[in-house]
Structure formats: C-alpha cells, structure tokens
Amino acid sequence: MIISTKPLSRKIWQNLNLVKILGKEAKVFSTLAQMKPEPIDENNSIEKETNEELTPFTNYRFIYPEFLPDPNPLYRNPMREKLERMDMLARRSVLNIPEFYVGSILGVTYSEPHAPGKVNRFVGICILREGTGLNSTFILRNVINGEGVEVRYNLYDPTIQKIDCLKLEKRLDNELLYLRDAPLEYSTFPFDMEADVQPPGFVPLNDIKVPLNPQPWLEKWERKNLKGIRDLVLNAKRIKKAAAAAKPWEKYDLMKIYRQTIPEEEQIEIFSEVHTDLRQLEIQKNTFKRKNMFAKPKKTV
C-alpha cells in the first residue's frame with residue numbers, strides 16, 4: 001500500500017498556519033500579553049502599523065474638547081449632539097479655528113457694528129476654556145490703559161471672522177483666572193504681536209509661576225491646589241481653614257472621576273464619526289503652517 005506524502009504535508013502545513021493565527025489572536029485579545037514588552041520584529045511591523053491606525057484620534061479629546069458632550073446625563077441628547085457636531089464641522093470648514101489651549105495667546109477678529117470699519121480685533125491670553133458643543137466658550141485677557149480687560153467668545157460664533165494663534169503653549173493649570181489678582185505685567189500683550197509659528201505637532205509647556213498681589217483676592221486661591229502660583233502669604237487662621245476644607249481623597253474617588261468624564265469607548269465612537277473631516281482640516285492647517293514657516297520675508301523700504 002502506497003501512501004502519498006503530498007496531501008499529508010499539505011494538511012500539516014494548514015494546521016501549523018492555523019496554530020500561528022490562533023497564537024497571534026491570543027496576543028491581541030489577552031491583557032497579559034499586552035503588558036509584556038515584545039521584541040521588535042520585522043514580521044510584526046505590519047501588525048503594529050494596523051494597530052496604530054485603529055486609534056488615530058487618541059489626542060483628539062485634547063485638541064477638540066468641545067466635540068465631547070456634557071458628562072452630566074441630565075443634559076445628554078444623542079440626536080442633538082450629533083446635529084451639533086455636524087454644525088461644528090460645517091463652521092470649521094468656513095472658519096479656520098486653530099489648535100489652542102489655556103495659556104495660548106490668541107487674536108480674534110470679529111464684526112462689531114459700532115466699531116470703525118465694522119470690524120474689531122482683540123488680542124489676549126486664554127485664561128479659561130469651557131463648555132461643550134456649540135456652547136463652548138473661551139475667555140481672553142489683556143491690559144488696556146492700565147486696566148484688565150476680559151472678553152468671552154463663543155467658539156462657533158458666526159460674528160467671528162478670524163482666529164489667530166499668536167503663541168501656542170500650555171500652562172501648568174487648566175484655568176488662569178488667578179491672573180486677575182496677579183501683577184498686570186503677566187497679562188499685558190501688544191496688539192501688534194507677531195505670530196510665533198511652531199512646527200506642527202509641537203506644543204511647548206510654559207512652567208512659569210506667577211506671584212499674586214497682596215490680599216484681598218477675588219477668590220480663595222489657596223484652596224484650589226494651583227501649580228502656577230508662588231509666594232502665597234497667608235496668616236495662620238487662613239492656612240488652618242484651607243487645610244480643613246481640603247479634600248485630598250477626591251483624586252482616588254473613581255466614581256466621581258467616572259461621573260465627570262466621558263468613557264473612552266464613547267469618545268472613540270464620537271471621534272470616529274468626525275475623524276475624516278477633522279483629518280482633512282488638519283492637513284489643510286499643516287500645509288498652511290508650512291507655507292508660513294518657509295515664506296520669504298518681504299523687503300521693507
């Protein structure tokens with residue numbers, strides 16, 4: 001009896017390939033295998049590229065925080081949120097809204113019926129960014145004639161004609177409202193300030209610490225655990241009250257953190273809907289930045 005070796009070898013190779021496939025799937029879905037560092041292999045380079053392409057919008061929650069809805073379930077409405085995201089994308093296709101954070105210096109040009117030329121421009125540092133959807137707002141602060149002036153803008157206001165990010169940077173805190181009680185020199189910026197063009201994908205961190213003016217202050221800043229304040233002069237009574245009002249255990253309260261944030265699965269679902277449109281807008285912004293970086297300087301007479 002003669003047995004051919006070709007079908008046997010073919011079955012053996014099929015079984016070996018099946019074992020390899022199952023081994024690769026186990027690495028993808030098992031949590032223990034992901035925790036162990038894997039050696040770099042040329043054969044696995046394709047798999048790593050595909051895994052990176054599955055989550056290309058991991059940083060979108062920082063660049064576009066207004067696309068995330070309010071975490072409070074009382075204000076949630078999926079249909080309204082989806083319609084708002086469509087309106088936001090339509091507005092962004094007309095108005096170039098640059099990437100900015102709290103601490104960035106912006107110049108906003110908006111239509112003003114009582115201004116000469118019906119157009120006005122305000123330059124200032126962003127001290128607060130809040131709100132979600134079409135209700136997202138930001139506050140700019142500057143000093144004019146020795147007085148602090150603050151203007152609140154709706155990010156998707158149709159009266160805004162242009163938004164320029166003159167200096168892109170981050171600060172140590174998520175809000176800079178304490179600049180109201182700081183010396184005016186930390187909030188003073190010239191209106192003819194030239195834009196500091198940064199390479200795409202680079203956001204510098206300004207770790208400056210601002211001193212505050214003598215009391216009284218507008219708020220009790222010592223109770224907010226701020227990192228950008230230095231030289232706080234407090235009496236013993238105020239220090240005791242601040243220590244009594246402190247709640248250091250809140251950063252370990254997982255349920256409170258969960259109620260104040262949007263789950264990661266829902267963030268991925270939201271940004272997957274608008275990923276293609278936002279990606280096209282990012283490509284246009286990057287080409288525009290490169291043109292500005294390599295633009296030839298004009299001759300001045």
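Residues numbered from 1 in each chain as written. Predicted model: local features only at pLDDT ≥ 70, side-chain atom pairs only at ≥ 80, totals over all residues. Heavy atoms only, no water.

Caption draft 1: Main features of a positive patch on the surface. Taken together, the side chains of Lys220, Arg223, Lys237 and Lys241 present a region of like positive charge at the surface. Mapped onto the fold, lysine 241 is located in helix H6 (residues 236-245). (Patch = residues over 30% accessible without salt bridge, like charges linked within 9 Å, V, L, I, M, F, W, Y side chains within 5 Å. Areas by Shrake-Rupley, 256 points an atom, 1.4 Å probe, with all protein chains shown as cover. Salt bridge = Lys/Arg side-chain N within 4 Å of Asp/Glu carboxyl O. Lys, Arg positive; Asp, Glu negative; His and termini not counted. Charge placed at Lys NZ, Arg CZ, Asp CG, Glu CD. Helix = DSSP H or I, 4+ residues; strand = E, 2+ residues; numbered from the N terminus.)

Caption draft 2: Expanded view of the sheet that holds strand E4 (residues 147-154). Pairing in this open sheet of five strands is antiparallel, and the strands run E4-E3-E2-E1-E5 from one edge to the other. Edge strands, defined here as strands with exactly one partner in the open sheet, are E4 and strand E5 (160-167). Taking the axes of each pair of neighbouring strands and ignoring which way they run, one obtains an average angle of 35° across the sheet. In the sheet, strand E2 (residues 119-130) pairs with strand E3 (residues 137-144) via five bridges, with the strands oriented antiparallel. Following the sheet pairing, arginine 129 is matched in E3 by phenylalanine 138. (Pairing = 2+ DSSP bridges. Axes fitted to C-alpha atoms, helices over the stretch in contact; angles between N-to-C directions.)

Caption draft 3: Spotlight on unusual backbone geometry. The omega angle of the peptide bond from glutamine 215 to proline 216 is 15°, so this bond is cis rather than trans. With respect to the secondary-structure elements, proline 216 resides in the loop between strand E6 (210-211) and strand E7 (229-230). Despite not being glycine, asparagine 225 shows a phi value in the positive range, around 55°. Position of asparagine 225 among the secondary structure elements: in the loop between E6 and E7. Among the residues examined, asparagine 225 registers a relative accessible area of 69% and is labelled exposed. Despite not being glycine, aspartate 231 shows a phi value in the positive range, around 60°. In this fold, aspartate 231 is placed in the loop between E7 and H6. (Buried < 20%, exposed > 50% of the residue type's maximum accessible area, 1.4 Å probe, protein only.)

Caption draft 4: Region of the structure containing the nonpolar core. Formed by 30 residues in total, the largest nonpolar core has its most connected members in Phe67, Phe138, Leu140, Tyr153 and Leu278. For this core, the secondary structure elements donating two or more residues are helix H4 (60-63), helix H5 (78-94), strand E1 (105-111), E2, E3, E5 and helix H8 (264-293). Among the elements that make up this core, the one with the highest residue count is H8 (five residues). Counting 20 residues, the second-largest nonpolar core is a separate cluster that includes Val123, Leu166, Tyr178 and Val210. (Core = buried A, V, L, I, M, F, W, Y, C linked by side-chain atoms within 4.5 Å.)

Caption draft 5: Looking closely at the confidence of the model for the protein chain. Averaged over every residue, the pLDDT of the protein chain is 81; residues scoring 70 or more account for 76%. Per-element mean pLDDT across the protein chain ranges from 33 in helix H2 (residues 31-35) up to 97 in E3. Throughout residues 1-8 the model reports pLDDT below 50, and contacts reaching past four residues in sequence, or to other chains, amount to one contact. Counting interchain partners and residues more than four positions distant, the pLDDT-below-50 stretch residues 18-55 has eight contacts. (pLDDT = per-residue confidence, 0-100. Contact = heavy atoms within 4.5 Å.)

Caption draft 6: Representation of the pattern of salt bridges in the model. Scanning the entire structure with this criterion turns up 18 salt bridges. The shortest N-O distance in the salt bridge between glutamate 169 and arginine 171 comes to 3.8 Å. Residues glutamate 282 and arginine 279 are paired through a salt bridge, measuring 3.2 Å at the closest nitrogen-oxygen approach. Residue glutamate 282 and its partner arginine 279 are located together in helix H8, separated by three residues, close to a single helical turn. Overall, the relative accessible area of 42% leaves arginine 279 in the partly exposed class.

Caption draft 7: How the structure looks around the side chain of glutamate 84. As for its position among the elements, glutamate 84 is in helix H5. Looking at glutamate 84, the relative accessible area reads 14%, which means it is buried. The residues touching glutamate 84, leaving out its near neighbours within four places in the chain, are Gly133 and Leu134.

Caption draft 8: A look at H5. With 17 residues, H5 extends 25 Å between its outermost C-alpha atoms, agreeing within 8% with the 24 Å of an ideal straight helix rising 1.5 Å per residue. Buried within H5 are the following residues: Glu81, Glu84, Arg85, Met88, Leu89, Arg91 and Arg92. Angular distribution of buried residues about the axis of H5 spans 160°; they occupy a single face of the element. Turned more than 90 degrees off the buried face of H5, the exposed positions are Met79, Met86, Ser93 and Val94. (Expected span 1.5 Å × (residues − 1). Arc of directions from axis to C-beta.)

Caption draft 9: Local environment of a nonpolar patch on the surface. A surface patch of nonpolar side chains, amounting to about 330 Å² of accessible area, comprises Met79, Leu83 and Met86. Relative to the elements of secondary structure, leucine 83 occurs in helix H5.

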